[in-house]
Amino acid sequence: MGLHKIFCRSARRTFLYSTLWLLIVAFISSACSGPAVYRTSTGVRLVGRIDDSSYARLAELLTPGDLLILDSDGGYVAAAGRMAVLVLRLHADTHVDDRCASACALVFAAGHHRTTGPEARIGVHQSTGPAEIDVVFGNALRALGTPTAVVEAMERTPARYIYWISESQLRAWIN
């Protein structure tokens, strides 16, 4: 067997093993990646899906009067409800620089002071659960001072769509 064939066979094998290794690492990374909740110099940041693990981490990190910076497309309404209660209990402020959609809006609404950055987008829609959840969600938003137009938009927008709050609605909501 010539040196060229040995080299090509070895290079192919190395390429295949390297590719397989990268696929395994990518799969494990995507399976393990979830929400990130961590402390920054300005407060606590929540990035990603709202679920039981992000709530547990938030409960560990958030302290009275903290700023909670949100960047989430939503998640589980029950976990968002627990986060909202935690934010209320600790008189924490909420802030959105980028996106806060779906269940994240409930957490945002619970902020003692609610602020947004210039590029912030907040979106609402019905839940994917029973209609009773939407009634509870809507009542919670109303109790937290959410503008009526935003709550009504949430109640009429099906779960597969998102209603992005207008700039004037957002200004009425922040304090």
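Refer to the structure presented above.
Just so we're clear, the structure is a prediction, and the values are computed from it rather than from any experiment.

A. Spotlight on the overall build of the chain. Each helix and strand in the chain was counted, giving 7 helices and 7 strands. Out of the 175 residues belonging to the chain, those deemed buried represent 37%. Here the analysis covers contacts within the chain between residues at least 6 apart in sequence; of these, 61% occur between residues at least 24 apart. With the model as given, the accessible surface of the chain reaches about 10000 Å², and the carbon-plus-sulfur share is 61%.

B. Up close: the state of the cysteines. All told, the structure shown has 1 disulfide when counted by the stated rule. Here cysteine 100 engages in a disulfide with cysteine 104; their sulfurs sit 2.2 Å apart. Across the S-S bond of cysteine 100 and cysteine 104 the torsion is about -110°, and the bridge reads as left-handed. For cysteine 100, a relative accessible area of 0% puts it in the buried group.

C. Focus on unusual backbone geometry. Positive phi, normally seen in glycine, also occurs at histidine 91, with a value near 50°. Considering the arrangement of structural elements, one finds histidine 91 in the loop between α3 (77-89) and β4 (93-101). A relative accessible area of 51% means that histidine 91 is categorised as exposed.

D. Region of the structure containing α3. Under the 1.5 Å per step criterion, the end-to-end length of α3 is 18 Å for 13 residues, consistent within 8% with the ideal 18 Å. For α3, the full list of buried residues reads Ala79, Ala80, Met83, Ala84, Leu86 and Val87. Here the buried residues of α3 occupy an arc of 160° about the axis, which is enough to place them on one side. Among the exposed residues of α3, those oriented more than 90 degrees off its buried face are Ala78, Val85 and Arg89. Packed against the buried residues of α3 are β2 (44-47), α2 (52-61), β3 (67-72), β4 and α4 (104-109). Of the residues trailing α3, histidine 91 is marked for its positive phi of about 50°.

E. Layout of the pattern of salt bridges. The tally for this structure, following the rule as stated, stands at 6 salt bridges. Across the pair aspartate 52 and arginine 82 runs a salt bridge, and its minimum N-O distance is 2.2 Å. Of this pair, aspartate 52 sits in helix α2 while arginine 82 sits in helix α3, and the two are 30 residues apart along the sequence. Two residues, glutamate 167 and arginine 171, come together in a salt bridge whose shortest N-O distance is 3.1 Å.

F. Up close: helix α6 (residues 148-156). Those residues of α6 that fall on the buried side of the exposure criterion are Val150, Val151, Ala153 and Met154. Buried residues of α6, seen end-on, are gathered within an arc of 160° and therefore sit on one face of the element.

Definitions and cut-offs
- Residues numbered from 1 in each chain as written.
- Predicted model: local features only at pLDDT ≥ 70, side-chain atom pairs only at ≥ 80, totals over all residues.
- Heavy atoms only, no water.
- Helix = DSSP H or I, 4+ residues; strand = E, 2+ residues; numbered from the N terminus.
- Buried < 20%, exposed > 50% of the residue type's maximum accessible area, 1.4 Å probe, protein only.
- Contact = heavy atoms within 4.5 Å.
- Areas by Shrake-Rupley, 256 points an atom, 1.4 Å probe, with all protein chains shown as cover.
- Disulfide = S-S within 2.5 Å.
- Expected span 1.5 Å × (residues − 1).
- Arc of directions from axis to C-beta.
- Salt bridge = Lys/Arg side-chain N within 4 Å of Asp/Glu carboxyl O.

Just distances and angles here, no functional claims.
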